[in-house]
Each structure stands twice: as structure tokens, then as C-alpha cells.
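# Chain and residue survey
Below are the chains, spelled out letter by letter.
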Amino acid sequence: MARIQIQQNSKTYKFLQRSNSRTNILYGGAGSGKSWSIAQFLLIDKLYTERNIRVLVTRKTRPALKKSAWLLCNDLLTKYNLPGYEVNKSDLIISANGNQMYFTSIDDPEKLKSFEKINYIWSEESTALSHND
């Protein structure tokens, strides 16, 4: 598949592209571009360029997840007119290039036990999570 080019100049996006760390913690105020940068990075740099990967996107509750990360990723698919993707609205899954991006709440941690071989995890608003989550 041809490399998808986007114009992204944010420091956060560039940081994610350069990082070799197993864990990256992004912080900043509202409107600082954290979610936008991670969504672009996971969609374009990972979902469309790597093979056989699974991305897990979490937030405390499903309604909050749908209004934030899910909506943002769907908006980016449209904004960049990305090719060859499928959206499963009932299960909140985006598939592209043989890869999957799963969106799930963790208000019930039992939901996460069935996931196998997750390559990347994006925890949106993780400050809302408890230690048990």
C-alpha cells in the first residue's frame, strides 16, 4: 500500500514518531492536541503502514469514548479521505490494511480479558481511571 502523506507539524506528533519507548504519557491542557496527534499517529503511522496489528483504544465509559476518540478517528478517516477501511459501528471497530482498531470502555475490566495480541494501547483521559481499572 502506498504511504499516506499528511501535513502534521505538532510537537506531539513528531515526538510519537521519534519515540522508541514502550510507554508514552501525553499531558497538557484542553485543546493542546494530545488526542488529535495520537489519533493521527495510530491511524496513519500504524494502522495503514504496519501489518497484522491490533490497536486498543480505551476510556472509562462507552458514551465518553464514542464522543471523543471514536468520533475523532472517524472524522480523521473522512478528513484525509483514507482508502480501504471498514467501520463497525455496533462493535466500535475500525479495520484497515488487515489491521484492527478496537474501541472499548473499561468501566468493566472483564471486557478486556478476551483481547489477545494487542500491539498498541491508547488510554484516553486515563486520569479518570482507578487503579483497579
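For clarity, every value in this text was computed on a predicted model and none was experimentally measured.

### Observations regarding the pattern of salt bridges
Evaluation of the coordinates by the stated rule reveals 1 salt bridge. Here Glu-50 makes a salt bridge to Lys-46, at a shortest N to O gap of 2.9 Å.

### Structural notes on the sheet that holds strand 5 (residues 120-123)
Note: strands within a sheet are paired through backbone hydrogen bonds, in either parallel or antiparallel orientation. The mixed open sheet is built from 5 strands, whose spatial order is 2-3-4-1-5. One side of each edge strand has no neighbouring strand; the edge strands of this open sheet are strand 2 (85-88) and strand 5. The sheet shows a mean angle of 15° between the axes of neighbouring strands, taken without regard to direction. Across 4 bridges, strand 1 (residues 54-59) lies against strand 5 in parallel orientation. Along strand 5, the bridge assignment pairs Val-57 with Trp-122.

### Details of the packing of aromatic side chains
Taken as a whole, this structure holds 1 aromatic pair when the rule is applied. Between Trp-70 and Phe-103 the ring centres are 5.0 Å apart and the planes differ by 85°, which places this aromatic pair in the edge-to-face class. In this pair, Trp-70 is assigned in helix 3 (residues 62-79) and Phe-103 in strand 4 (residues 99-105), connecting sequence segments 33 residues apart. Across the pair, exposure class does not vary: Trp-70 and Phe-103 are buried alike.

### Comments concerning the environment of Ala-69
Note that Ala-69 resides in helix 3. In this structure Ala-69 comes out as buried when scored by relative accessible area, which is 1%. When the C-alpha positions of Ala-69 and Ile-38 are compared, they lie 9.6 Å apart, and in sequence the two are 31 residues distant.

### A look at the packing of helix 1 (residues 11-18) against helix 2 (residues 34-47)
Across the interface, helix 1 lies against helix 2 with an axial gap of 9 Å and an inter-helix angle of 45°. Viewed along their axes, helix 1 and helix 2 adopt a mutual orientation that is oblique. In terms of crossing hand, the pair formed by helix 1 and helix 2 is right-handed. From helix 1, Thr-12, Tyr-13, Leu-16 and Gln-17 reach across to helix 2, where they touch Ser-37, Ile-38, Gln-40, Phe-41 and Asp-45. Classifying every residue of the contact of helix 1 with helix 2 by side-chain character gives 4 nonpolar, 4 polar and 1 charged.

What counts and what doesn't
- Residues numbered from 1 in each chain as written.
- Predicted model: local features only at pLDDT ≥ 70, side-chain atom pairs only at ≥ 80, totals over all residues.
- Heavy atoms only, no water.
- Salt bridge = Lys/Arg side-chain N within 4 Å of Asp/Glu carboxyl O.
- Pairing = 2+ DSSP bridges.
- Helix = DSSP H or I, 4+ residues; strand = E, 2+ residues; numbered from the N terminus.
- Axes fitted to C-alpha atoms, helices over the stretch in contact; angles between N-to-C directions.
- Phe/Tyr/Trp six-rings, centres within 6.5 Å; stacked < 30°, edge-to-face > 60°.
- Buried < 20%, exposed > 50% of the residue type's maximum accessible area, 1.4 Å probe, protein only.
- Parallel < 35°, antiparallel > 145°, perpendicular 65-115°, else oblique.
- Left-handed = near helix turned anticlockwise from the far one by under 90°.
- Contact = heavy atoms within 4.5 Å.
- Nonpolar A, V, L, I, M, F, W, Y, C, P; charged D, E, K, R; others polar.

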